[in-house]
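Examining the three-dimensional arrangement
Letter by letter, the chains look like this.
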Amino acid sequence: MDMLKKVPISEQDPKVRAHNFDEVCLGYTEEEAILEASRCLECKNPLCVMGCPVSVHIPQFVAKVKEGKFDEAFEIISECNTLPAICGRVCPQESQCEGKCIRGIKGEAVAIGKLERFVADFAMEKGIRRPHSHKKNGKRVAVIGSGPASLACAGDLVKYGYEVTIFEALHEAGGVLLYGIPEFRLPKEEVVKKEIAMLLHMGVKIELNTVVGKSVTIDELMDEEGFDAVFIGTGAGLPKFMGIKGENANGVFSANEYLTRSNLMKAYDENSTTPIMRGNKVAVVGGGNVAMDAARTALRLGSEVHIIYRRSEAELPARKEEVHHAKEEGVIFDILTNPTEILTDNNGCVCGIKCVKMELGEPDASGRRRPVVIEGSEFTIDVDMVIMSLGTCPNPLIHSTTDGLNTTKHGCIIADEINGQTSRKGVFAGGDAVTGAATVILAMSAGRSAAVGIHDYLSSKNAT
Ligand SMILES: Cc1cc2nc3c(=O)[nH]c(=O)nc-3n(C[C@H](O)[C@H](O)[C@H](O)COP(=O)(O)OP(=O)(O)OC[C@H]3O[C@@H](n4cnc5c(N)ncnc54)[C@H](O)[C@@H]3O)c2cc1C
């Protein structure tokens with residue numbers, strides 16, 4: 001075995017998977033996981049742990065995998081991570097734990113994410129559960145939203161002994177894990193729902209179809225329903241648009257709407273009662289993970305798909321793995337290209353997208369080279385559907401219905417970085433609602449920090 005390289009992992013053939021919604025990555029076998037774990041150098045000062053926002057005890061769990069003690073590896077991971085099967089699949093490990101791995105200096109980093117996924121899948125398959133005999137302390141916490149920030153916060157709060165109720169606006173729990181990230185990257189029944197079931201088993205309660213700010217307000221939860229503290233983890237689900245001509249045409253979607261219809265309402269399933277429009281030729285505008293997910297979904301629904309991105313390939317914000325998978329499957333990348341207008345036919349339906357070519361100029365405030373229009377480079381791509389994937393910001397509903405909750409000019413809730421405390425006493429917040437669109441693991445880390453903040457707050461005299 002070449003110790004400089006990761007043990008290869010099986011994936012569905014690109015030609016086959018471009019036509020189905022089954023998971024792309026097939027995961028390690030027991031033998032492969034043990035072999036990969038044996039590449040860990042067991043550093044005395046493990047930098048990988050510093051690279052993990054929730055500080056999973058990586059060398060310890062990897063050592064257990066190497067010994068074939070997968071159940072013990074699961075116990076170790078569970079101390080810090082309530083959603084390991086999810087994180088093992090979607091975390092940007094290359095810039096976190098694996099980005100710091102010493103093995104990565106001369107060769108490839110240890111496949112920490114794939115090992116975490118292996119251990120979590122093993123535990124789910126064997127029905128191994130986390131202990132849940134936590135002594136109740138008589139205090140109640142309301143958690144708003146059921147994405148990773150809220151799930152991590154709720155998981156830790158029940159361990160401290162709180163009675164925790166999650167209030168979720170939609171009819172299913174999981175946030176973006178369920179309605180954003182597609183099935184072929186993150187299976188819903190087999191992974192997301194099973195990890196949430198583990199939390200229910202630990203004692204977390206979930207009330208679905210409850211839009212806080214409409215069905216009930218934060219004031220009512222605290223003053224009338226007797227909750228001692230509140231955590232807001234409502235994410236950043238409001239899509240941004242470019243403001244160009246034609247954006248309101250029939251056949252233009254935000255990536256959020258498109259993916260929600262496909263994932264949550266199973267629009268990709270031919271037997272679904274909520275079918276989604278299938279374009280012959282689709283333009284996806286943007287270059288992040290969300291754009292890749294929308295493009296690969298449209299591809300699987302039978303379309304020719306173009307990613308339109310205004311900077312160069314090196315600046316694509318999506319994970320390299322996602323770009324690689326999208327290319328392998330046949331997504332076409334029109335880089336250094338920017339849309340200027342969406343063209344419509346006599347019926348108001350999309351029939352093309354007008355673009356200009358760009359070149360990179362001087363670096364901007366983000367340190368990336370600013371894209372500049374090349375004069376006279378206008379051209380049109382014939383498309384019958386456009387998906388806008390330009391980022392999102394938090395929905396204003398919560399802060400517009402809660403007194404004393406300060407936000408930034410972009411509508412993000414202002415919360416203390418260490419403990420999640422907001423400007424409103426007893427109200428904490430974390431995840432995308434605070435940072436704007438970010439990552440699963442950063443949302444979880446914020447949820448965990450807020451759980452500590454809530455525990456400190458409710459344990460102190462101020463809470464009485
Ligand atoms: C398509 C897509 C792909 C992504 N891919 C990745 C990836 O590969 N890796 C990665 O790390 N990150 C990825 N992300 C980002 C990641 O999913 C988010 O950063 C993360 O889910 C944020 O978690 P959260 O708990 O803050 O919010 P969310 O996951 O957005 O959850 C918020 C929840 O709150 C609910 N809610 C909102 N308002 C209310 C209300 N008023 N009352 C009750 N409930 C409410 C929502 O319905 C939702 O369930 C992706 C995001 C998208 C959209």
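Before any of the text, the structure's been laid out above.
Notes on the structure follow. (Residues numbered from 1 in each chain as written. Predicted model: local features only at pLDDT ≥ 70, side-chain atom pairs only at ≥ 80, totals over all residues. Heavy atoms only, no water.)

Here's the deal with the site of the ligand
- Around the ligand, 35 residues are found, and the nearest of them are V90, E168, R185, V212 and D432.
- Here a nitrogen atom of the ligand and a backbone polar atom of V90 are 2.7 Å apart.
- A distance of 2.8 Å is found between an oxygen atom of the ligand and a side-chain nitrogen or oxygen belonging to R185.
- Contact with the protein chains hides 93% of the accessible area of the ligand, taken as 1000 Å² for the molecule alone.
- Of all the elements in the fold, those that place two or more residues in the shell around the ligand are helix 10 (148–160), helix 11 (176–179), helix 15 (289–300), helix 17 (397–400) and helix 19 (440–459).
- Among the elements that line the shell around the ligand, the one with the most residues is helix 15, at three residues.
- When grouped by side-chain class, the residues that make up the shell around the ligand number 19 nonpolar, 12 polar and four charged.
- Three or more residues apiece are contributed to the shell around the ligand by two domains, here domain 2 (140–237 + 393–463) and domain 3 (241–390). (Near = heavy atom within 4 Å. Polar contact = N/O pair within 3.5 Å; in protein donor to acceptor, adjacent residues only side chain to side chain. Areas by Shrake-Rupley, 256 points an atom, 1.4 Å probe, with all protein chains shown as cover. Helix = DSSP H or I, 4+ residues; strand = E, 2+ residues; numbered from the N terminus. Nonpolar A, V, L, I, M, F, W, Y, C, P; charged D, E, K, R; others polar. Domains from an automatic or database assignment.)

A word on the packing of aromatic side chains
- Tallying each qualifying case throughout the model produces seven aromatic pairs.
- For the ring pair F70 and F118, a centre distance of 4.9 Å and an interplane angle of 85° mean the geometry is edge-to-face. Linking F70 in helix 5 (residues 70–78) with F118 in helix 9 (residues 112–126), this pair joins segments that are 48 residues apart in sequence. Residue F70 shares its accessibility class with F118, and that shared class is buried.
- Considering the side-chain rings of F253 and Y258, the 5.7 Å spacing of their centres and the 65° angle between planes classify their relative orientation as edge-to-face. The exposure classification of F253 matches that of Y258, with both residues buried.
- One aromatic cluster is present, formed by F70, F118 and F122 through successive ring pairs.
- Above the face of the F227 ring, R140 is positioned so that its terminal group lies 4.1 Å from the ring centre. (Phe/Tyr/Trp six-rings, centres within 6.5 Å; stacked < 30°, edge-to-face > 60°. Buried < 20%, exposed > 50% of the residue type's maximum accessible area, 1.4 Å probe, protein only. Lys NZ or Arg CZ within 6 Å of the ring centre and 35° of its normal.)

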